Amino acid sequence: MEEYIYAAARVHARENSLLRQTDLERLMACATEQECFQVLRDKGWSADAPSAEELLAAEEEKTWAFLRELSQDTAPFSLLQLPVDCNNLKAAVKCCLHEEVPESLFLPGGSLSPEELLQRSREGDFFPLPSPWGAAGEQARTTLLQTKDGQLSDALVDRACMEEMLRLGEESGLEVLQRYGEWTVATADLHLAVRACRAGKNREFYQLSLAPCRSLNVEELTEAALRGEQELFAFLATQPWAEGAQLLQTSSSAFERWRDNQAMELIRPEKYETLTAGPLFAFGAARQQEIRTVRMILSGKRNGLEEQSIRERLRETYV
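Residues numbered from 1 in each chain as written. Predicted model: local features only at pLDDT ≥ 70, side-chain atom pairs only at ≥ 80, totals over all residues. Heavy atoms only, no water.

S.K.: Just give me the short version of the overall build of the protein, but keep the residues and values in it.
M.R.: Each helix and strand counted, the protein has 16 helices and 0 strands in total. Here the protein has a C-alpha radius of gyration of 20 Å; the compact-globule value for 319 residues is 20 Å, and the two agree. Taken over the C-alpha atoms alone, the protein extends approximately 50 × 50 × 45 Å along its principal axes. Burial status across the protein gives 50% buried among its 319 residues. Sequence separation of at least 24 residues holds for 66% of the intrachain contacts in the protein that already meet a minimum separation of 6. (Helix = DSSP H or I, 4+ residues; strand = E, 2+ residues; numbered from the N terminus. Rg over C-alpha atoms; globule rule 2.2 N^0.38 Å. Buried < 20%, exposed > 50% of the residue type's maximum accessible area, 1.4 Å probe, protein only. Contact = heavy atoms within 4.5 Å.)

Written out as structure tokens, the structure is:
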């Protein structure tokens, strides 16, 4: 407990450097991506980087360097790295079917290097990877090569990630990690069930893909999905995440925005915690969302998107 008092104090001080809604408005008011870089430089970002992706990668690394400096125990941060490793493993598995590897497929900030994941995928030898990625990579690659079903291959890796997230959250003993893991898995199951229902997937797909959790009965979810979209949404309207399900009826992007914003609400109480690793985890999660939001803005400016189109994608800030 005492080891986190100083670390939590430093995190709370660093929270003052996080972007606020007013900062996002300043970015939105910029005419070009380069003008955005100047605003970010004023906020202490590494805006001298030659490209947006290098800027965002530098900020990601800055976050991890700060968290590692605060605590030698990286277990509380594993939940933040799992989705990155999950994305990168799925990308590496797909690359086993292609000669060229677009760099944009891989995200920074994971615990596994994309280079190693690529090598493992090409050699078909995932088992040197730590659990759960070894078994998940092998299963996903075999499924992709045998069935060419990329959606199922991805879903197998996603499920391994979700199950690991629940396990780590429970083992941490930290309430915020338990809440965050449960929330992430339940809403991921919800989203997957809707997409699978619309794609006409069979029972086996749901059984292989959905990760059991406390707040959403995946057997009942599967039965509802197999009865059709109308029955599925009627079932979801009775569940804890009914608001998100309602958004999914019309817009996947609106659902993703709601999901990210609700995650910020879930971790925001950690701003007042001083005796656990919770504030460190919350700061890392807040920075990840902040970086994703800046990525959306920079991409929108670069591609000349209308302001309203960019604004619809903006997430809430932690502070």
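Back to the write-up after that little detour.
S.K.: Describe the side chain of lysine 201, naming the residues involved and giving the relevant values.
M.R.: Structurally, lysine 201 can be placed in the loop between helix H9 (175–198) and helix H10 (203–209). At 3.4 Å, the side chain of lysine 201 and the side chain of glutamine 151 are in polar contact. The contact partners of lysine 201, leaving out residues within four places of it in the chain, are Asp149, Gln151, Ala196, Tyr206 and Leu226. (Polar contact = N/O pair within 3.5 Å; in protein donor to acceptor, adjacent residues only side chain to side chain.)

S.K.: Can you break down the pattern of salt bridges residue by residue, with the values?
M.R.: Using the criterion set out here, one finds 26 salt bridges in the structure. Between arginine 68 and glutamate 61 there is a salt bridge whose closest N-O contact spans 2.7 Å. Overall, the relative accessible area of 42% leaves glutamate 61 in the partly exposed class. (Salt bridge = Lys/Arg side-chain N within 4 Å of Asp/Glu carboxyl O.)

S.K.: Got a sec to walk through the packing of aromatic side chains? Specific residues and values, please.
M.R.: Describing an aromatic ring pair means giving the distance of the ring centres and the angle of the ring planes. Within the structure shown, the criterion is met by 7 aromatic pairs. With 5.7 Å between their ring centres and 35° between their planes, phenylalanine 255 and tryptophan 258 make a pair best called tilted. You can see phenylalanine 255 and its partner tryptophan 258 sitting in helix H14 (residues 252–267), 3 residues apart, about one turn around the helix. Exposure remark for phenylalanine 255: the relative accessible area of 0% places this residue in the buried category. When its relative accessible area of 8% is taken as the criterion, tryptophan 258 is described as buried. (Phe/Tyr/Trp six-rings, centres within 6.5 Å; stacked < 30°, edge-to-face > 60°.)

S.K.: Break down the environment of leucine 55 for me, citing the residues and quoting the values.
M.R.: Following the sequence through the fold, leucine 55 ends up in helix H4 (residues 52–70). Judged by its relative accessible area of 0%, leucine 55 falls in the buried class. Sequence spacing of leucine 55 and glutamate 220 is 165 residues, and the spatial spacing of their C-alpha atoms is 44 Å.

S.K.: I'd love a proper account of the nonpolar core, names of residues and values included.
M.R.: Formed by 80 residues in total, the largest nonpolar core has its most connected members in Trp133, Leu236 and Ile267. When residues no more than four places from it in sequence are discounted, the contact partners of leucine 236 are Leu190, Val194, Leu221, Ala242 and Ala245. Counting 20 residues, the second largest nonpolar core, distinct from the first, contains Met28, Cys36, Leu55 and Leu56. (Core = buried A, V, L, I, M, F, W, Y, C linked by side-chain atoms within 4.5 Å.)

S.K.: Go over the packing of helix H1 (residues 3–14) against helix H15 (residues 278–302) with me, naming the residues and quoting the values.
M.R.: In helix packing, the relevant descriptors are the interaxial angle and the interaxial distance, both defined with respect to the helix axes. The interhelical angle for the contact between H1 and H15, taken along N-to-C directions, is 30°, at an axis separation of 8 Å. Judged on the interaxial angle alone, H15 and H1 are roughly parallel. By crossing handedness, the relation of H1 to H15 is classed as left-handed. Of the residues in H15, those in contact with Tyr4, Ala7, Ala8, Val11, His12 and Arg14 of H1 are Pro279, Leu280 and Phe283. (Axes fitted to C-alpha atoms, helices over the stretch in contact; angles between N-to-C directions. Parallel < 35°, antiparallel > 145°, perpendicular 65-115°, else oblique. Left-handed = near helix turned anticlockwise from the far one by under 90°.)

Such coordinate-based values are descriptive only and should not be taken to indicate function.
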